[in-house]
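Structure at a glance
Given next are the chains, with one letter for each unit.
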Amino acid sequence: PKNRGELLGYLHPRVSIVAQCMLSLAQKRDAEALPSAERLGLGLTLCKLLIDMPHHLIRKKIYFPESDLKNANLTERSLLKMVRSPEVDQFLAQQCDWVESLINEGPPVCEKVGARLRRGLLAAAFRAKMLLKYVRNPKNDIFRTSPRLTNIQRWQCAIKAWRP
């Protein structure tokens with residue numbers, strides 16, 4: 001995609017269907033809940049694309065906007081080398097900030113659904129943020145070691161979601 005709008009335009013219809021199904025299962029037809037559910041879904045989807053980026057780069061596929069590559073003074077060729085550099089670090093930080101901002105727009109939906117679904121959504125958001133923190137850290141070579149959470153980290157997210 002050329003820019004973020006084009007990428008979101010491609011993902012939005014797919015994520016929106018899932019968000020609508022989730023809200024239907026929660027028996028919430030609140031029109032105000034859908035936008036934040038969609039934003040959370042977009043953030044989680046982009047987080048997954050980001051942590052799976054090395055697998056996509058091996059296939060010469062870049063799903064993130066060309067404009068973001070340019071903003072980080074990064075070429076597709078440089079990114080395809082899969083080596084952390086200041087430009088790659090800047091690009092990853094930009095993507096992490098963007099994805100995290102989308103995820104942060106999601107929690108209002110959590111107030112519109114039942115307690116169990118709320119905890120599940122919050123735990124997913126906490127896990128995604130923890131993975132983004134790993135990706136953002138220049139000391140972590142995400143091209144050689146895929147970002148993964150330990151069982152303890154997963155439990156920490158679940159416990160954090162359990163508490164109000």
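Heads up: the structure comes first, above all this text.
Below, the structure is looked at part by part. (Residues numbered from 1 in each chain as written. Predicted model: local features only at pLDDT ≥ 70, side-chain atom pairs only at ≥ 80, totals over all residues. Heavy atoms only, no water.)

Examining the nonpolar core
Spelled out, the test is: We define the nonpolar core as a collection of buried residues of types Ala, Val, Leu, Ile, Met, Phe, Trp, Tyr and Cys that are connected through side-chain atoms lying within 4.5 Å of one another. For every residue, the accessible area obtained with a 1.4 Å probe (protein chains only) is divided by the maximum for its type, and the residue is called buried under 20%, exposed over 50%, and partly exposed between those limits. A run of DSSP states H or I qualifies as a helix once it reaches four residues; a run of E qualifies as a strand once it reaches two. Both are numbered from the N-terminal end. We call two residues in contact whenever any of their non-hydrogen atoms come within 4.5 Å of each other.
Counting 51 residues, the largest nonpolar core has L46, M53, L79, F91 and V109 as the members making the most contacts within it. For this core, the secondary-structure elements that each account for two or more residues are α1 (4-25), α2 (33-51), α3 (53-58), α6 (86-104), α7 (107-110), α8 (115-136) and α9 (151-162). Setting aside residues no more than four positions away along its own chain, L46 makes contact with L7, L8, L11, F64, W98, V99 and L102.

Digging into the environment of Q156
Tracing the backbone through its elements, the reader meets Q156 in helix α9. Among the residues examined, Q156 registers a relative accessible area of 45% and is labelled partly exposed. For the pair Q156 and N3, spaced 153 residues apart in sequence, the C-alpha to C-alpha distance is 35 Å.

Regarding the pattern of salt bridges
Opposite charge on two side chains allows them to pair when their charged atoms are near. Spelled out, the test is: Each salt bridge in this description consists of a side-chain nitrogen of Lys or Arg and a carboxyl oxygen of Asp or Glu lying within 4 Å of one another.
Inspection of the entire model under this criterion finds 7 salt bridges. Of the charged contacts, one joins K48 and D52 as a salt bridge, the two residues approaching to 3.0 Å between their closest N and O atoms. A relative accessible area of 43% places K48 in the partly exposed class. Here D52 falls in the buried class, since its relative accessible area comes to 14%.

Some thoughts on unusual backbone geometry
The backbone of K60 shows a phi angle near 65°, a positive value even though the residue is not glycine. Mapped onto the elements, K60 comes out in the loop between α3 and α4 (66-71). Classification of K60 as exposed rests on a relative accessible area of 63%.

Overview of the packing of α8 against α9
What counts, and what does not: Axis definition: a line fitted to C-alpha atoms, limited for helices to the stretch in contact. Angles are taken between N-to-C directions and run from 0 to 180 degrees. Each angle gets one of four labels, with under 35 degrees taken as roughly parallel, over 145 as roughly antiparallel, 65 to 115 as roughly perpendicular, and the rest as oblique. Crossings are sorted by hand: turned counterclockwise from the far helix by less than a right angle, the near helix makes the crossing left-handed, and turned clockwise it makes it right-handed. When residue character is reported, Ala, Val, Leu, Ile, Met, Phe, Trp, Tyr, Cys and Pro are called nonpolar, Asp, Glu, Lys and Arg charged, and the others, Gly included, polar.
For the pair α8 and α9, interaxial distance at closest approach is 8 Å and the crossing angle is 135°. If you check the angle between α8 and α9, you find them oblique. Considering the relative orientation of α8 and α9, their crossing is right-handed. Packed against α8, whose contacting residues are R118, R119, L122, A123, F126, R127 and M130, the element α9 presents Q153, R154, Q156, C157, A158, K160, A161 and W162 at the interface. Its residues assigned to classes, the contact of α8 with α9 shows 8 nonpolar, 2 polar and 5 charged.

Describing the packing of aromatic side chains
As a reminder, the rule being used: Aromatic rings from Phe, Tyr and Trp, taking only the six-membered ring of Trp, are treated as a pair when their centres fall within 6.5 Å; an angle between ring planes under 30 degrees marks them as stacked, one over 60 as edge-to-face, and anything in between as tilted. Two thresholds decide whether a charge sits over a ring: the Lys NZ or Arg CZ must be within 6 Å of the ring centre and within 35 degrees of the ring normal.
Throughout the structure, instances matching the rule amount to 1 aromatic pair. Seen in terms of ring centroids, F64 and F91 are 6.3 Å apart; in terms of plane orientation they differ by 85°. Their pairing is edge-to-face. Remark: F91 occurs in helix α6 and F64 occurs in the loop between α3 and α4; sequence separation between them is 27 residues. For the pair F64 and F91, one class covers both residues: buried. A cation over an aromatic ring shows up here: R14 above the ring of Y10, its NZ or CZ 3.9 Å from the ring centre. R119 extends its terminal NZ or CZ atom over the ring of W162, reaching a point 3.8 Å from the ring centre.

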